[in-house]
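So you can see what is in the structure, the chains are spelled out below.
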Amino acid sequence: MRRFLIRALLALLFIVIGLLAPVGYNELACRPDNIPSDYVAIVPSEHHRPEGRTLLTYPEWHIVHAYDDYAKVISTGDPHDYAYLPAIAGFWSSLCSLSKAAGPHGGFPSEFKSTVYTIGVSFTAELLAKSLYEETIGRVATVIRGEDRAPLDDLTAQQAEQYAQFLRQTPWYQWDFQRAATALHIDATDAFRDRERRFAVGLEYGVKTRYAATIASAVADMEPDALRLRMIVSGLGADDLSAFNDVDVISARDTGVEIDTPRYRALTLLLYQFALAGGDFVEIAGNDDILFTVTSDATQLSEALYSFARQGYGDTRHLILLPVRELANALRQLDERGLTLEHIHDY
């Protein structure tokens, strides 16, 4: 018994060290040069958001994209067809690139480190566990099933797609995992693959239900992040801008019109619409640089901080950091360059 406990503790220690190794590497090898910015913001200080957050919001979106890739793969394939290790490596590699680039944009603030590292370690542990199961028991279950998909293969693919869409605007812990688990029991047949999916995916949903409740309780007393931000737009008048959905005009300035807009996915769509309508961006949330992601058939772009192949889509995601004043023109040139806008990362 003593020998067994020692081996178990050593195995646990090895797992913990393995999960924390990317954190240590990022701290030692991916440190930014803290070059202060001399940019003087236009909007009042109470509407400023740290510029470094445009870089540091990507790791969370990498996870959103990974779930979307996973949903795409299993829509026609099986979970073991998804490449789990490259998805994990993509998270940490992109974080390293972004950390190095963060120097002139406020660096990697310590208050954000714990969040980014925690979600990174959790994401790594989750995908490693899924990989271990799906590459062994899950793969055997598909062999027993044969080529024809079982009802729960299609249902779990639909749930994965719905979850990926949900994450674009809403925190993951608000997803109703319990309802998804109930649907598995309702739709399952007596086929072996359905029983295996009901057990495996149901177990995953059960763990996430409890984890989500813990996270929801932990953040219940925290002040929620702002859902809106201020920006300065030129090239469009106050009447033009107020005609856009959910846009509030604050005031006209010499440099442009100050407006208040929603954040997250809604902001990406608005900024793209502004650019196509002839608008240009002077400043966003008190900042003069911003990150956005595009997809294309090209595997590399010269201006990209990091490029990463998307699973299931056969194309590549590119992370591009550029001055806010160049964003509108870059958006207007996407089609002629063969690029598709994916997400503009606010602060």
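Refer to the structure printed above.
Bear in mind that the values here come from a model prediction, so they are computed numbers and not experimental data. Residue indices follow the written sequence of each chain, beginning from 1 at its first position. Residues qualify for local features only when their pLDDT is at least 70, as the model is predicted, and side-chain atom pairs are given and counted only at 80 or more; totals for whole chains, interfaces and linings, by contrast, use all residues. Side-chain numbers here rest on the full set of heavy atoms in the structure, without hydrogens or water.

Undergrad: How would you summarise the nonpolar core if you had to cite specific residues and measurements?
TA: Note on terminology: a nonpolar core comprises buried Ala, Val, Leu, Ile, Met, Phe, Trp, Tyr and Cys residues joined through side-chain atoms within 4.5 Å. Each residue gets one of three labels from its accessible area relative to the maximum for its type: buried under 20%, exposed over 50%, partly exposed in between, using a 1.4 Å probe on protein chains only. Within the largest apolar cluster, 50 residues are counted, with the highest numbers of intra-cluster contacts made by Tyr82, Phe91, Trp92, Leu95, Phe123, Leu127 and Tyr205. Apart from the residues within four sequence positions on either side, Tyr205 is in contact with Gln159, Phe177, Ala180, Ala181 and Leu184. If you look at the next biggest cluster of nonpolar residues, it comprises 33 residues, including Leu267, Ile290, Leu334 and Leu339. Two residues qualify as a contact provided that any one of their heavy atoms is within 4.5 Å of a heavy atom in the partner residue.

Undergrad: How would you sum up the layout of surface pockets? Please name residues and give values.
TA: Think of a 1 Å grid over just the protein atoms. A cavity is a set of points where a 1.4 Å probe fits yet cannot get out, a pocket is an open set with protein on both sides within 12 Å along at least five of seven lines, and lining residues have an atom within 4 Å of a point. Grid points are joined across faces, edges and corners, and a volume is the space filled by probe spheres set on the points. Reported here for the second largest pocket is a volume of approximately 150 Å³. Forming the boundary of the second largest pocket are Ser37, Tyr39, Ala41, His48, Glu51, Pro104, His105, Gly106, Gly286, Asn287 and Asp288. Of the residues assigned to the lining of the second largest pocket, the class counts are three nonpolar, six polar and two charged. Residues are sorted three ways: Asp, Glu, Lys and Arg are charged, Ala, Val, Leu, Ile, Met, Phe, Trp, Tyr, Cys and Pro are nonpolar, and all the rest, Gly among them, are polar.

Undergrad: I'd like a description of the sheet that holds strand S1 (residues 228–234), backed by residues and values.
TA: Overall, antiparallel pairing links the four strands, which are arranged S2-S3-S1-S4 in an open sheet. Of all the strands in the sheet, the pair left with one neighbour each is strand S2 (248–252) and strand S4 (280–284). With strand direction ignored, the average angle separating the axes of adjacent strands in the sheet is 30 degrees. Sitting on the sheet, helix H10 (residues 264–276) touches S1, strand S3 (257–262) and S4, and the angle it makes with S3 is about 145 degrees. When DSSP finds two or more bridges between two strands, those strands count as paired. Secondary structure is summarised from DSSP: a helix means a run of H or I of at least four residues, a strand means a run of E of at least two, and numbering begins at the N terminus for each. Whenever a helix is involved, its axis is fitted only over the stretch in contact; in every case the axis is a line through C-alpha atoms, and angles between N-to-C directions fall within 0 to 180 degrees.

Undergrad: If you had to explain the environment of Asp260 to someone new, which residues and values would you point to?
TA: Position of Asp260 among the secondary structure elements: in strand S3. For Asp260, a relative accessible area of 13% translates into the label buried. In the structure, Asp260 is positioned 104 residues away from Thr156 in sequence and 39 Å away in space, judged by C-alpha atoms. Discounting residues that sit within four places of it in the chain, Asp260 has contacts with Arg228, Leu229, Arg230, Asp246, Val247, Asp248 and Ile250. Separated by 2.3 Å, the side chains of Asp260 and Arg228 make a polar contact. A polar atom in the side chain of Asp260 sits 3.5 Å from the side chain of Arg230. In protein, a polar contact means a hydrogen-donor-capable atom and an acceptor-capable atom, both N or O and within 3.5 Å, with residues adjacent in sequence counting only if both atoms are side-chain atoms; elsewhere, any N or O pair within 3.5 Å suffices.

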